[in-house]
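Chain and residue survey
So the chains spell out like this:
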Amino acid sequence: MNNLFILLLLPLVSALVLAFVKSSSSAKWAALGLSVLQLVLTVPFLCQFVPDASIQFEQSYDWIPRLGIKFHIGLDGISLPLVLLTNGLIPLIILSTFGKTLKGNFYALVSFMQAGLLLVFVALDAFSFYVGWEVALIPIYFICALWGEGDRIRVNLKFFIYTFFGSLLMLVAILYLYQQTATKDFEWSSFAALDLHDSTQRWIFWAFFIAFAVKIPIFPFHTWQPDTYTNAPTAGTMLLAGIMLKMGTFGLVRWLIPIAPLGVAAYGQMALILCIIGVVYASLIAFKQQDTKRLIAYSSIAHVGLIGAGIFAWNQEGLQGALMQMVNHGISVIGLFFVLDIIAQRTGTRTLKELGGLAERMPKLAIFFLIIIMGAVGLPLTNGFIGEFLLLKGVYGVGLLYAVFGGLTLIFGAVYMLRLFQRTMLGTGSKSNNAVTDIKGHEIVVLFIVAVVVLYLGVFPNGLLHLSEASVTQLLEQVKF
């Protein structure tokens with residue numbers, strides 16, 4: 001029997017070990033080795049997972065018995081894909097930093113954040129979920145503040161205030177729900193079983209929704225995101241966009257909708273409209289961006305807006321599409337940010353008008369960049385296609401206009417992403433770019449793995465869909481509004 005607790009313990013032990021490694025070279029290899037070990041330990045959970053609707057590998061320990069607080073964790077078809085995403089991306093993010101001089105304290109924060117992220121995805125009681133939620137926030141704040149660029153302190157303070165405010169609202173709702181349970185506990189099952197009055201569920205909805213909407217982010221709670229993504233170090237941006245925002249979308253599925261279905265019935269359509277507005281708004285803003293990193297930041301808002309819309313559509317296609325696209329977005333976005341970081345390192349600029357003609361000097365990078373962009377815009381036979389197809393089909397089930405405006409993410413996304421490729425790789429560039437060299441070593445490894453996964457999930461999406469199908473079906477049967 002696999003012990004799920006090991007997956008939470010190893011990153012904490014890794015963080016403790018890495019914090020005392022002073023040599024940059026030793027820290028990199030130690031961090032990579034420990035993160036690969038974490039991934040290897042995840043494989044048996046996938047191999048032994050039975051794709052039904054049950055909670056598996058479940059463990060429960062008394063934490064603070066006097067207050068009814070337990071440490072309760074487990075996996076189902078909704079959480080397992082995100083655990084795989086987290087443990088799969090962390091080694092790639094660490095490997096992407098091999099060209100930089102970073103000491104053990106940086107990698108210790110990454111490992112500590114990984115533990116918080118995993119706890120969010122496997123927690124089956126609200127107290128553990130909240131602990132993981134806050135644990136994941138602290139290290140990313142320091143990563144962005146210490147290794148970021150530009151006006152990073154002001155930007156990260158804004159990010160921290162936004163997310164902490166949302167977290168406090170959620171904490172109030174969790175404490176209220178705890179008081180309403182007959183057994184005075186924080187169990188997810190106890191919260192979901194509560195028969196709360198309509199007016200109570202309405203404010204519970206907003207308390208959870210704002211916390212999750214800030215993290216995702218959903219319009220109009222997005223204003224912290226572009227500055228934070230742009231000023232954060234590339235590894236920090238990868239962590240934020242690739243994994244951390246999935247905490248919010250996961251929270252909608254696992255906590256908000258099952259606990260406050262009447263609140264969702266009252267305000268779910270409003271939330272869906274906000275998601276669609278975010279799709280159109282962020283896409284239009286992306287058109288005007290000259291900073292390549294900022295362009296991808298806005299494209300991320302558009303893509304997660306469609307994921308949110310699929311969740312609030314609350315049907316089989318929308319939910320499964322959302323879960324699949326959470327994984328797909330994480331894979332594609334870290335590839336995009338890594339490519340842009342390579343370009344910035346080689347040319348000394350992220351400004352589109354100063355770039356161009358790089359494909360001639362960097363043909364390997366151009367090929368990988370094109371594959372990843374095709375996945376990001378949802379080209380058939382790439383990972384983004386089936387996820388966005390299911391999302392649009394799910395949103396169409398709610399209303400044709402929602403699907404029409406939601407579908408603009410495909411059209412607009414193709415325009416600004418292909419424009420990004422054209423402005424960086426094609427045409428004639430600055431003479432200073434003539435000296436740039438193509439990718440090598442760890443850069444090829446990271447981009448090769450990302451490109452292979454983009455194509456594999458595009459051709460063989462059924463494995464990922466099959467993991468979540470039964471859990472999604474049961475959740476839809478249990479929660480109706």
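Residues numbered from 1 in each chain as written. Predicted model: local features only at pLDDT ≥ 70, side-chain atom pairs only at ≥ 80, totals over all residues. Heavy atoms only, no water.

Let me state the cut-off plainly: UniProt positions are given in the numbering used here, feature names are shortened, and annotations may be inferred rather than shown by experiment.
As annotated in an unreviewed UniProt entry, the chain is NuoM family protein from Sphingobacterium tabacisoli. Under the heading Sequence similarities (unreviewed entry), UniProt records this for the chain: "Belongs to the complex I subunit 4 family."

1. Considerations on the domain arrangement of the chain
For clarity, the cut-off: For each domain, the first and last residues come from an automatic or database assignment. Whether two residues touch is decided by their heavy atoms; if any such pair falls within 4.5 Å, the residues are in contact. Note on definitions: buried area is the accessible-area loss of two parts on being combined, 1.4 Å probe, summed for both. Only one rule defines a salt bridge in this text: a Lys or Arg side-chain nitrogen within 4 Å of an Asp or Glu carboxyl oxygen.
According to the domain assignment, the chain consists of domain 1 (1-259) and domain 2 (264-481). For domain 1 versus domain 2, the separation of C-alpha centres amounts to 22 Å. Counting residues at the interface gives 52 residues for domain 1 and 51 residues for domain 2. Summed over both sides, the interface of domain 1 with domain 2 buries roughly 4,600 Å², with 77% coming from carbon and sulfur. There are 3 salt bridges connecting domain 1 and domain 2.

2. A word on the UniProt feature "domain: NADH:quinone oxidoreductase/Mrp antiporter transmembrane" (unreviewed entry) in the chain
Condition: Here a strand is any run of E in DSSP of at least two residues, a helix any run of H or I of at least four, and the numbering for each starts at the N terminus.
The sites that UniProt annotates as "domain: NADH:quinone oxidoreductase/Mrp antiporter transmembrane" (unreviewed entry) are residues 124-407. Helix makes up 80% of residues 124-407 and strand 0%, whereas the separation of the span's terminal C-alpha atoms amounts to 34 Å.

3. Looking at the packing of helix H11 (residues 261-287) against helix H18 (residues 408-425)
Worth spelling out the cut-off: To get an axis, a line is fitted to the C-alpha atoms, and for a helix only the part in contact is used. The angle between two axes follows their N-to-C directions and goes from 0 to 180 degrees. Orientation labels follow simple angle bins: below 35 degrees gives roughly parallel, above 145 gives roughly antiparallel, 65 to 115 gives roughly perpendicular, and whatever is left gives oblique. Take the far helix as the reference: if the near one is turned anticlockwise from it by less than a right angle, the crossing is left-handed, and if turned clockwise, right-handed. Under the scheme applied, nonpolar residues are Ala, Val, Leu, Ile, Met, Phe, Trp, Tyr, Cys and Pro; charged residues are Asp, Glu, Lys and Arg; polar residues are all the others, including Gly.
H18 packs onto H11 with a crossing angle of 15 degrees between their chain directions and a minimal axis gap of 10 Å. With respect to H18, the axis of H11 lies roughly parallel. Pair H11 / H18 crosses with left-handed handedness. Contacts between H11 and H18 involve Val-279, Val-280, Ser-283, Leu-284, Ala-286 and Phe-287 from the former and Leu-408, Thr-409, Phe-412, Val-415, Tyr-416 and Arg-419 from the latter. Looking at the contact of H11 with H18, its residues break down into 9 nonpolar, 2 polar and 1 charged.

4. Re the packing of aromatic side chains
Here is the rule: Aromatic pairing here means that ring centres of Phe, Tyr or Trp (its six-membered ring) are within 6.5 Å. Orientation follows from the plane angle: under 30 degrees is stacked, over 60 is edge-to-face, and everything else is tilted. Accessibility here uses a 1.4 Å probe with only protein chains present; expressed as a share of the type maximum, an area under 20% marks a residue as buried, one over 50% as exposed, and anything in between as partly exposed.
Scanning the model with the defined rule gives 36 aromatic pairs in all. An angle of 80 degrees between the planes, with centres 6.3 Å apart, marks the rings of Phe-129 and Phe-212 as edge-to-face. Of the two residues, Phe-129 is situated in helix H5 (residues 126-147) and Phe-212 in helix H8 (residues 198-215); the sequence distance between them amounts to 83 residues. Both residues of the pair, Phe-129 and Phe-212, count as buried. Between Phe-209 and Phe-312, the ring centres sit 5.9 Å apart and the planes meet at 65 degrees, which makes this aromatic pair edge-to-face. Taken as a pair, Phe-209 in helix H8 and Phe-312 in helix H12 (residues 292-313) lie far apart in primary sequence, 103 residues in all. Of the two residues, Phe-209 and Phe-312, neither departs from the other in class, the shared state being buried.

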